[in-house]
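# Per-entry structural report
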Amino acid sequence: MPALRIISIGFLLATVGFQLATLFQAMGRGFYSLIIFLLRQLVITLPLAFLLAPFLGLTGVWISFPIAEVFAAIVSFFIYRNVKNKEILFF
């Protein structure tokens, strides 16, 4: 039960990351999509879980998921802004 409460915090920001990653794939920019997914799952979540686990236990592992979602959403927004400035998007 505590895990679901903690992880659900990141669901709203996860939608931003998923939508932008899917947009990049549709635009033929799969590399950016890969970057976002790797940030979320490997680059941020795993090291952060290892860092927080000794101090907060299992709760620290669960906290790493929403933090990774926030960071991935921020990075995906900046990537989107750079791509948008370089291309004309019709939407």
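Note that the coordinates shown come from a computational prediction; the quantities given were computed from them, not determined experimentally. (Residues numbered from 1 in each chain as written. Predicted model: local features only at pLDDT ≥ 70, side-chain atom pairs only at ≥ 80, totals over all residues. Heavy atoms only, no water.)

What follows is about the side chain of Ser 76. Tracing the backbone through its elements, the reader meets Ser 76 in helix 4 (residues 58-86). Excluding anything up to four places from it in sequence, Ser 76 contacts Val 16, Gly 17, Leu 20, Phe 24 and Ile 36. (Helix = DSSP H or I, 4+ residues; strand = E, 2+ residues; numbered from the N terminus. Contact = heavy atoms within 4.5 Å.)

If you look at the biggest cluster of nonpolar residues, it comprises 13 residues, and the most contacted ones within it are Phe 24, Ile 36, Ile 44 and Ile 79. Of all elements in the fold, only helix 2 (11-26), helix 3 (30-56) and helix 4 reach the threshold of two or more residues within this core. Dropping the residues within four chain positions of it, Ile 44 is found in contact with Leu 39, Ala 68, Phe 71 and Ala 72. (Core = buried A, V, L, I, M, F, W, Y, C linked by side-chain atoms within 4.5 Å. Buried < 20%, exposed > 50% of the residue type's maximum accessible area, 1.4 Å probe, protein only.)

Residues Phe 31, Leu 34, Leu 38, Leu 42, Val 43, Leu 46 and Phe 50 make up a contiguous nonpolar surface patch of roughly 720 Å² in combined accessible area. Here Leu 34 lies in helix 3. (Patch = residues over 30% accessible without salt bridge, like charges linked within 9 Å, V, L, I, M, F, W, Y side chains within 5 Å. Areas by Shrake-Rupley, 256 points an atom, 1.4 Å probe, with all protein chains shown as cover. Salt bridge = Lys/Arg side-chain N within 4 Å of Asp/Glu carboxyl O.)

So, about the packing of aromatic side chains. All chains considered together, the criterion is met by 5 aromatic pairs. With a centroid separation of 5.7 Å and an interplanar angle of 45 degrees, the aromatic rings of Phe 18 and Phe 37 are classed as tilted. A residue pair is termed long-range when its members are at least 10 positions apart, and Phe 18 in helix 2 and Phe 37 in helix 3 qualify at 19 residues. Considering the side-chain rings of Phe 77 and Phe 78, the 5.9 Å spacing of their centres and the 65 degrees angle between planes classify their relative orientation as edge-to-face. Exposure remark for Phe 77: the relative accessible area of 43% places this residue in the partly exposed category. Taken together, the ring pairs in this structure connect Phe 24, Phe 31 and Tyr 32 into an aromatic cluster. Sitting over the ring of Phe 18, Arg 40 keeps its end group 4.6 Å from the ring centre. (Phe/Tyr/Trp six-rings, centres within 6.5 Å; stacked < 30°, edge-to-face > 60°. Lys NZ or Arg CZ within 6 Å of the ring centre and 35° of its normal.)

All quantities given are derived from atomic positions and should not be read as evidence of function.
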